[in-house]
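Architecture and fold: a report
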Amino acid sequence: MESKTVRVSLLGRDYDVPGGISILDALAAAGLSPEGSAKCGSGVCGGCAAVYSLNGKKHACLACRTEVSDGMRIEAMPGFPHRSGRFDFSIMAESAESVKTVYPEVASCIGCRKCDHACPKGIDVSGSIAAINKDMLELCFESSFSCVVCGACESVCPMGIAQPSAMTLARRLYAKRLSEEEI
Amino acid sequence: MNMPEGYVLSVRNAEKNRERNMLSIPELLGDREKEELIKKHHPEYNDSLYNAIPFGKSAGMRVNRELCALLIEGYRGDNINPSSPMPKTDILVIGGGGAGALAALAAKKRGMRVLLVTKLRLGDSNTVMAEGGMQVPLGKNDSPDKMFADAMKGGRNRSDAELLQILARSARDSERMLERLGTAFDRDENGHLKTVRGGGTCESRIIHSGDRTGLELMRVLCDEIRAQGIETLEYTALLELLLDTEGCAAGALLEDTLEKKVFPIRAGAVIIATGGCGSLGFGGFPTTNFSGSTADGLAAAYRAGAELVDADSIQYHPTSLAFPKGHAGALITEKARSLGAALVNRNGDAFVNPLETRDAVTSAILREIAEGRGSGSGISGFVLLDTPMIDLKNGKGTVETELPNLFGFMRELGTDIRTEPIPVFPAIHYQNGGLKIDGSCMTAVRGLFAAGEAVGGIHGRNRLMGNSLTDIAVFGNRAGEFASDYSETKKDLPLTLSHLA
């Protein structure tokens, strides 16, 4: 199996890297990966969320799961600070109200959908937040389930919503409710 | 994706024999046959990969060469003055995966001051990558005794019976604890937990969350750690443990890897939850592991005087993705085999029962390749996991519903697993052995507790699918509780670094 070289732009500079490797491996090959950085290689740890442009279009991706192509301009995003509230889960009512109490900012969503475009998993983030606002925990659970908590959405939200934490809490409450309903 | 030579031919043979293979499944091996297969082909019996540990409580025990070197290495920098004032906590948890998180939560619940340190981020661990699920003896016909018997047999009768009893008997309570924390396990239309059957088990008892159970678990645990305000230091690595003048674990020497600063911390008790060793890359094999799995805690604990058990026993997951090389070692969950996918060689023949224990399946795959019935050779060889059988056996749509992560991942690489088999090869997956503990999770060093993959004795010489998540749920929690008991009555004594001399 031959592997040709491809030219990519990493963090503003051009590099020739082996073809057929992931963006994350390309960063390492170019000496741009800090030693001992988080890498699961499976797309579940959320540590490699990145943005690249190709043929004039911008894409959000997980760098460990995306193959380099010729002409890619890659802006990798290092891990995001994770914002999350303090609460006692064991005494919370299993409703969307609880989520809105811990994360009142969800009500200020303006529907700009920047979060949707930033999500490397293609999740309907704005829809999941809307579900919380509309007291539809189950819908939030279903639509946000594949989240890997990378924080890309949160980093671009103009209203300061901590979507990963809000969606996680919503899912936890729904799951707890389901476990109590077992016949 | 460019397929290596041999893939197309073996796929054609697999297709030709698919119907036959679906009906005629190889028998499970008898005990003698299995022992012989493993002795002949499993890397565990390849002496060239091992060295004897030259010092310490387990001197003379053989371990993989790379691990042996790590045990000897240790911190060589400036030592801290052990009598200078330093920050103190009650319970120091080292490791931010499932076992560490649960230990921290248990200790916090007991009112302890807890500090959790992790050399990467909270949640970066092998736990987050676990896919198949968690064993819980739920079914009408199931019981902790059956779960115990399966695990004891699967571990080749080398498990510590007391620890394994604890695992089997505490599994249900642990599962309920996780549900109370809001962990979403898959349920059927009546709200009952769905289960699958793993290799080496007599009952279907593995509960799961899609095919990424570990991700769901860590999302919940990390959220809870933050919700409770448990102090966490990320990018903080363990260098050495600190002992007091009575030889009890009393803290650690840590390094902030971002600021490059070394600092000591005193603790009433220390819990090692640093996971496995797959990233040490034994024998050139690929690994399914997270990048940080380098046995840090095991090595530091050993140098502090802990004992090891079965530390030479490494589980190779039989089915990791063989290519493309950039993804070599990516885990292909055993659940695919639970759902009926067969393992097939280049001639299209099924050569082992898919639900044999992992040590047997790994050995069988390596045998096929060594004897010329695999594609390729040596570490670059592969056999096929015939996933097209899954929808044929269980109905159209099964792959997408039950293996969404695998389906999506392979599709991104250009393979539709509903109609195309996956090329697989064994990868280093799990550290079966490790630090020896008693029923209270304490090691041979007083005040030094351990839980999770870093621990040995529970799974004997081979862990069954689903028992690792049960292990961290049961013993992570247990370590937090017993460490709290110990710390409550522990008096502070002067510290010493003499064990590092």
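Structure shown above.
Within any chain, residue numbers begin from 1 and follow the written order of that chain's sequence. Here the convention is simple: chains get letters from A, ligands get numbers from 1, in the order in which they are written. The predicted nature of this model means local features are confined to residues of pLDDT at least 70 and side-chain atom pairs, given and counted, to a pLDDT of 80 or more, with totals for whole chains, interfaces and linings taken over all residues. Computation of side-chain values: all heavy atoms of the structure, hydrogens and water removed.

**Some words on the overall build of chain A**
Looking only at helices and strands, chain A features seven helices and five strands. In chain A, the succession of helices and strands from N to C terminus is β-β-α-β-β-β-α-α-α-α-α-α. Projected onto its principal axes, the C-alpha positions of chain A cover 55 × 35 × 25 Å. Residue exposure (1.4 Å probe, protein chains only): buried if accessible area is under 20% of the type maximum, exposed if over 50%, otherwise partly exposed. Going through the 183 residues of chain A one by one, you find that 51% of them count as buried. Surface exposure of chain A reaches about 8,600 Å², of which carbon and sulfur atoms provide 51%. In chain A, the 19 positive side-chain charges and the 21 negative ones have mean positions that sit 5 Å from each other. Only DSSP runs of H or I with at least four residues qualify as helices, and only runs of E with at least two residues qualify as strands; both kinds are numbered from the N terminus onward. Only the protein chains shown count as cover for residues, and the accessible areas themselves come from Shrake-Rupley with a 1.4 Å probe. His is not counted, nor are the chain ends; Lys and Arg add positive charge and Asp and Glu add negative charge. For the purpose of locating charges, the reference atoms are NZ of Lys, CZ of Arg, CG of Asp and CD of Glu.

**Observations regarding the interface of chain A and chain B**
The interface is formed by 40 residues belonging to chain A together with 36 residues belonging to chain B. We define buried area as the total accessible area lost by two parts upon association, computed with a 1.4 Å probe and summed across both. Between chain A and chain B lies a buried interface of about 3,300 Å² when both sides are counted; carbon and sulfur atoms form 51% of it. Any carboxyl oxygen of Asp or Glu within 4 Å of a side-chain nitrogen of Lys or Arg constitutes a salt bridge here. Taken together, the connections running from chain A to chain B amount to two salt bridges. Here Asp223(B) makes a salt bridge to Arg172(A), at a shortest N to O gap of 2.9 Å. When residues in the side of chain A that touches chain B are grouped by element, the largest group, eight residues, is from helix H7 (residues 163-180) of chain A. Here, residues are in contact when the closest pair of their heavy atoms is within 4.5 Å.

**Examining the sheet that holds strand E13 (residues 342-344) of chain B**
Residue and element names in this part refer to chain B. Criterion used throughout: strands pair if DSSP finds at least two bridges between them. Taken together, four strands build an open sheet; the order of strands is E12-E15-E14-E13 and the sheet is antiparallel. With partners counted over all chains shown, the strands left at the sheet margins are strand E12 (314-321) and E13, one partner each. The mean inter-strand angle of the sheet, taken between neighbouring strand axes irrespective of direction, is 45°. As judged from the three bridges shared by strand E14 (residues 383-386) and strand E15 (residues 422-431), these two strands associate in the antiparallel manner. Paired with valine 383 across the bridge in E15 is valine 424. Note on geometry: axes are lines fitted to C-alpha atoms, helical ones only across the stretch in contact, with angles between N-to-C directions running from 0 to 180 degrees. Docked against the sheet, helix H1 (residues 7-16) engages E13, E14 and E15, running at close to 45° with respect to E14. Where helix H11 (residues 358-370) meets the sheet, its contacts fall on E12, E13, E14 and E15, and the angle it forms with E12 comes to roughly 60°.

**Some thoughts on helix H8 (residues 213-227) of chain B**
All names here are of chain B. Any helix carries an expected span of 1.5 Å times its number of residues minus one. Taking 1.5 Å per residue as the helical rise, H8 with its 15 residues ought to reach 21 Å, and the 21 Å between its terminal C-alpha atoms agrees with that figure. For H8, a buried count of 14 out of 15 residues is recorded, marking the element as mostly surrounded by other parts of the structure. Among the residues trailing H8, glycine 229 stands out with phi positive, at a value near 65°.

**Side note on the side chain of Asp359(B)**
All names here are of chain B. Residue position: aspartate 359 is located in helix H11. Using a relative accessible area of 3% as the deciding quantity, one classes aspartate 359 as buried. Discounting residues that sit within four places of it in the chain, aspartate 359 has contacts with Lys34, Ile38, His42, Gly154, Arg156 and Asn462.

**Quick notes on the side chain of Glu453(B)**
Residue and element names in this part refer to chain B. Within the element layout of this structure, glutamate 453 appears in the loop between strand E17 (448-450) and strand E18 (455-456). Of the buried charged residues, glutamate 453 lacks a salt bridge, with arginine 463 as the closest side chain of opposite charge at 6.9 Å. At a separation of 3.1 Å, a polar atom in the side chain of glutamate 453 contacts the side chain of asparagine 126. With residues up to four places along the chain from it excluded, the contact list for glutamate 453 reads Asn126, Gly275, Gly276, His429, Tyr430, Gln431 and Gly433. Polar contacts, as used here, are pairs of N or O atoms within 3.5 Å; protein pairs need one atom able to donate a hydrogen and one able to accept it. Residues neighboring in sequence count only if both atoms are side-chain atoms.

**Quick notes on the pattern of salt bridges**
All names here are of chain B. A complete count under the given rule lists 48 salt bridges over all chains for this structure. A salt bridge links glutamate 35 to arginine 156; its shortest N-O distance comes to 3.5 Å. One end of the pair, glutamate 35, is in helix H3 (residues 31-41); the other, arginine 156, is in the loop between helix H6 (144-154) and helix H7 (161-180), and 121 residues separate them in sequence. The exposure class assigned to glutamate 35 is partly exposed, which follows from its relative accessible area of 30%. Overlapping salt bridges, with partners in common, bring together Glu35, Lys39, Glu44, Asp47, Arg62, Arg156, Arg158, Asp310, Asp312, Asp359 and Arg461 in one network.

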